[in-house]
Structure formats: C-alpha cells, structure tokens
Amino acid sequence: MQLRYNYRAYPDAAQRRALAQAFGCARVVWNDCLRDRKEAHAAGLPYVKSAQLSRLRITQAKRTEERAWLADVSAVVLQQSLRDLDTAYKNFFDSLRGKRQGRKVGPPRYKSKKDTRQSIRLNTNAFCLQENGTVYVAKVGNLKVKWSRRLPAAPTSLTVTQDSCGRYFLSFVVDTEPDILPGLETQSGIDLGLSAFAVLSDGRKIDSPRFLRRAEKKLKRLQQDLSRKAKGSKNRAKARIKVARQHARVADRRRDFHHKASTQIIRDSQAVYVEDLAVSGLGRTRLAKSVHDAGWSAFVCMLEYKAVRHGRTFAKVDRAFPSSQVCSACGFRDGPKPLHVREWTCGVCGIVHDRDHNAARNVLFEGRRIVAAGRAETPNASQSAGKTRTKVPARRVEAGSPRKGQTTQAGIPGL
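Worth saying up front: this structure is predicted, and the values here are computed from it rather than measured. (Residues numbered from 1 in each chain as written. Predicted model: local features only at pLDDT ≥ 70, side-chain atom pairs only at ≥ 80, totals over all residues. Heavy atoms only, no water.)

Describing the packing of aromatic side chains
The tally for this structure, following the rule as stated, stands at 11 aromatic pairs. An angle of 65° between the planes, with centres 6.1 Å apart, marks the rings of phenylalanine 211 and phenylalanine 257 as edge-to-face. Residue phenylalanine 211 is located in helix α4 (residues 211-228), and its partner phenylalanine 257 is located in helix α5 (residues 234-268); the two are separated by 46 residues in the primary sequence. Aromatic rings pair up to connect Tyr7, Phe127, Trp147 and Phe172 into one cluster. In this arrangement the basic side chain of lysine 111 is found over the ring face of tryptophan 30, its NZ or CZ atom lying 4.2 Å from the centre. When the ring centre of tryptophan 344 is taken as origin, the NZ or CZ atom of lysine 337, which lies over that ring, is 4.1 Å away. (Phe/Tyr/Trp six-rings, centres within 6.5 Å; stacked < 30°, edge-to-face > 60°. Helix = DSSP H or I, 4+ residues; strand = E, 2+ residues; numbered from the N terminus. Lys NZ or Arg CZ within 6 Å of the ring centre and 35° of its normal.)

Following this line, the structure appears as structure tokens:
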C-alpha cells in the first residue's frame, strides 16, 4: 500500500526564490494547457492530447522570448504539472460518467499566484535523499528538513508545498507493506457529536476540544487588525500572515487530535463502525461553525485508512439509520427526539438510555449486520470488497475542482 509522509522544510533565501520560480512556472504551464483545451472545446475541436501540449507549451515555449524562463526550472516540474492537469480532467470526466464515487467534481480551473497553497510535484529523477539529512531538489538545492520520523522505504515521488502562512513542507509517497496488529475480540461502534466529539459503544466518551472556538477571541482581534490595513500595503500583507498562522495552528491542533484519537481506537478495536454523516448538509445549518470545528469527515477518513493499514474491519452505517430512535436493548423504535433530549426511557422495556451511548450501541449492531451481509470492505467480506478502494488511502487532496465554487482543502496534508 502507499502512504504519504510529510516533513517541515526550511529553505534559505536563495532556495525560496528558486521554489517561487518553480511554483510560477508550473502554474503557467497548467494555465497555458488548460486555456488551449478550453479554446479547443469552445471551437468544437477534438480534445487536445497531452503529447501535443507538451511539445507546444513546454518544449517549443522554452525557445521563445516570452517563455524562455521556463528553462530555469527542472523539466520534471513542468511535465508533472501537465500530468496533474490530465488527472484533473480524468476525475472530471469520471465524475460526469458516474465512474467516480463521492461528491461531483467540476472541471479544472485556472491557478493564481494569490492562491493560498502553491505546490510542485517531482519524481525520482528530480530529487534524492542525501546522507547528511538534506533533500536535493533539481535546480533548487539541498533543502534542510526536520525529520520527525524515519521513512520506512525509499520514496517514489515528492511534493513540495508552501501553505498560506509561508511554511514549506515535503510530502513523500512511499510503498510499504501493511502493518498488521495482533487480533482482538473487541468491536466498537462510534457516535459522533458536538457536546462530546465521539461516544463509543463501550461507554467511553472523547471530549470535543473545540479548537476554533478557543481561538476565536485572538482570531477576532487579528481579523480586526487586518481590516484596518490599507489594501496593497506591506502592513496588510504582514497582518494577513498573522491571521493565516493562527488558522494554521488551529488546523494543526485539530489534525493532531484526530490522529491520536483514531490511532487509539484502531489499536483497541478489531472492528470499527461509524455513522456516515451528511457533513456538507450540516455545514449549512446554524451549527455550521461547530460542525466544521469538529472535523468529522477528516476523522472518519483517518479511521478508514488506518483500518486498512493495520488489518482492522471498518464499515460505515447509512446516515438514514435511526440510531437515536431505536432501543439498543429490545429494538423498539421510539420515534424521533429533539436534540435537547439527552436521556430517554424505552416505552417497552423501561430501560433509561443515554442518547449518545444508545446510538453508539445501535451503530455497532448495524455495523455487524452490514459486515455479515458482505457489504463492507473487510477481509471477511465478499469478493468485490476492496476492489474500489483507492491506492493511496491517506491522500488528502485530489486534482480537480469541487462544484458550486467550494474551495479545496488546504493546509498540511495528513499521513
């Protein structure tokens, strides 16, 4: 299986200029090729092939006066930018034809130098790991890296990323073997919420840290300082970086919390079942800020790929399943209840239920039924299970554009 390992990089001034030039050249190649394909589509011409674009917008463009600076960066960066555009178009076409599961993906969009995230992608021909702990990037130099852990194998590709607050990260894709954990007898159903981040079927509760809520006071002050600065001034640029750094701290803390909680659950349970929540729908309600602060979707994704990596069973329970309406003891459906009702008594067996704990137990029972029916991607499921799983379960971003102007997820990619 493939995993992604991320490390913080500290380029010097000359290397930052070289990386900025590489980001710009990759962005220009993307925009030029995208413009050619859009113009061909508007004129009713056939789809422009990648080989033709590579020859026209990379090889021949380097010989022109207006694009001669493309030769100052590695050719691998330019070719990978074109390949990323091909991937974006493939995701868009697969989404239109129904071959791609999940949210609909829109057509690729033009990139801007004002985007909050800049990145370049390299293969093994354009980077290598040095014995002194640095990473050599073609036409950039040896980058100083903070190695927080060892790479389990030689990387197959590298993505250099700059986030909105000016930090640089190196993301390595590594082919590794699954790390199968010893088998256990315990199984867990998880009910996600806002008052408690997660309630497990065995009664354990994980408190919601509410990182954004705790940082709102400082963010408010920084946003006010930013609004007072004149547009286009250097002071406004400095204030914008301060706001971006504060948001990055919130995102880093939330991601660290998700990783620790998901790893502990996977280690303690042989099978994990969780409800498939409609996060995009809940994000349009009055609880939107709290829903996005919790980060349920990222947490569920971590549970899923860690279950694959460590040989655990994982299944999602349909969001229409009435986990809060059914008595987990006798199975009697007592009907919907408002959110302020946190405890209720079953009208048949008379047992007093905690709303979240009862829902977690029902998720556990429904997850077992799904696995027994062979509709989950587990080692004990049907033969079709696992064939549609992505090769890089830890991947956080994907080429393409969400529909309706929704921004793609930015920041530091996870594991």
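Here the narrative resumes, following the displayed structure.
So, the environment of arginine 249
When you line up the elements, arginine 249 lands in helix α5. Here arginine 249 falls in the partly exposed class, since its relative accessible area comes to 38%. It is 9.1 Å that separates the C-alpha atoms of arginine 249 and phenylalanine 211, two residues lying 38 residues apart in sequence. A polar atom in the side chain of arginine 249 sits 3.0 Å from the side chain of glutamine 246. (Buried < 20%, exposed > 50% of the residue type's maximum accessible area, 1.4 Å probe, protein only. Polar contact = N/O pair within 3.5 Å; in protein donor to acceptor, adjacent residues only side chain to side chain.)

Some words on the nonpolar core
Most often, soluble globular proteins keep nonpolar side chains buried together rather than apart. Within the largest apolar cluster, 45 residues are counted, with the highest numbers of intra-cluster contacts made by Ile120, Leu122, Leu158, Val160, Leu170 and Phe172. The set of elements that each furnish at least two residues to this core consists of β1 (2-9), α1 (13-42), α2 (50-59), α3 (75-97), β3 (118-123), β5 (135-137), β8 (155-162) and β9 (168-175). No other element matches α1, which puts 11 residues into this core. Ignoring anything within four residues of it in the chain, the contact list for valine 160 reads Leu19, Phe23, Gln118, Ser119, Ile120, Leu122, Phe169 and Leu170. One finds Leu200, Leu219, Phe299 and Phe314 within the second-largest nonpolar core, a separate group that totals 26 residues. (Core = buried A, V, L, I, M, F, W, Y, C linked by side-chain atoms within 4.5 Å. Contact = heavy atoms within 4.5 Å.)

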